[in-house]
Amino acid sequence: MSAETPAAPGQFTRRRQQFRAWRGTRPFWAGLYVMLGGVPIMYFPYAQLKLGHLTLAMATTAGAGSLIIGVLLVVLGISLWFQKHIRVFAGVAAILLALVSLPVSNFGGFLLGFLLALVGGAMAVSWAEGVPPAPESTTGTGPGRDAAPGTVPEAAAGTAADGTAVDEASESNKPNDLSGTSPANGANGRRSAD
């Protein structure tokens, strides 16, 4: 493919949508934040700032520790992208490494790396893979489908499906506990080993 050959029409859009689909199936932003948090943690202890003829070296005795913490955070961020099943381990490890970076490497890369790694680790721990929505069935017309929005079907308005009136007093005496943990059924908040 030469420089003059244009890309196939729609190829950029297709690649962008493929990347978007890949990104949606893993903790992408958590991995990115953890990786970005590792960069200032490992950079600042080895950086030299020049002000005219004056050189400020920020090298500390814990430079090797800072390098190890930064590299580990970058590796954890990459692992979050490609091994999504270890997200809890990688998130907790990123949070712990961010906390350790405070005393070891210039207050966690002057708080920049610390905050990025902390937020990325928390995002990794809390990430859960989404379930694709079920396709809606538009072929059937069930009760209430043809009704206008805001109206109540007859069965819910006090009449049963066969046209008889429902006694509202008997309906109000039923327990309203949907959790299934009432003392009446003996569940008491514990799961039984059926």
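Conventions adopted
- Residue positions are given per chain, counting from 1 as you read along its sequence in written order.
- Owing to the predicted nature of the model, reporting of local features is limited to residues with pLDDT of at least 70; listing and counting of side-chain atom pairs is limited to 80 or more, with chain, interface and lining totals taken over all residues.
- Hydrogens are left out, water is left out, and the side-chain values use all remaining heavy atoms of the structure.
- Runs of H or I in DSSP of at least four residues are treated as helices and runs of E of at least two as strands, each being numbered from the N terminus.
- Partly exposed describes any residue whose relative accessible area lies between the buried limit of under 20% and the exposed limit of over 50%, with all areas from a 1.4 Å probe on protein chains only and scaled to the type maximum.
- Throughout, a residue-residue contact means that at least one pair of heavy atoms, one from each residue, lies within 4.5 Å.
- Only the protein chains shown count as cover for residues, with accessible areas throughout obtained via the Shrake-Rupley method and a probe of 1.4 Å.
- Values of pLDDT, the confidence the predictor places in each residue, fall between 0 and 100.
- The definition of a nonpolar core used throughout is a set of buried Ala, Val, Leu, Ile, Met, Phe, Trp, Tyr and Cys residues joined through side-chain atoms within 4.5 Å.

Concerning the overall build of the chain
Scanning the chain for helices and strands turns up 7 helices and 2 strands. Secondary structure elements of the chain, listed N to C terminal, follow the sequence α-α-β-β-α-α-α-α-α. Residues counted as buried form 22% of the 194 residues belonging to the chain. Residue pairs in contact within the chain that sit at least 24 positions apart in sequence constitute 65% of those at least 6 positions apart. Surface summary for the chain: the accessible area is close to 14000 Å², and the carbon and sulfur share equals 63%.

Structural notes on the confidence of the model for the chain
Averaged over every residue, the pLDDT of the chain is 77; the share at 70 or more is 62%. By mean pLDDT, the top-scoring element of the chain is helix α6 (residues 112-126) (94), and the lowest-scoring one is helix α7 (residues 168-172) (53).

Digging into the nonpolar core
Ranked by size, the top nonpolar core spans 15 residues in total, and within it V34, I69, L73, L76, L80, A94 and L97 carry the most contacts. Elements with a minimum of two residues in this core: α2 (28-43), α3 (63-82), α4 (87-104) and α6. Looking at this core, the element that brings in the most residues is α4, giving 5 residues. Ignoring any residue separated from it by four or fewer positions in sequence, one finds L80 in contact with R26, P27, A30, G31, V34, R87, A90 and A124.

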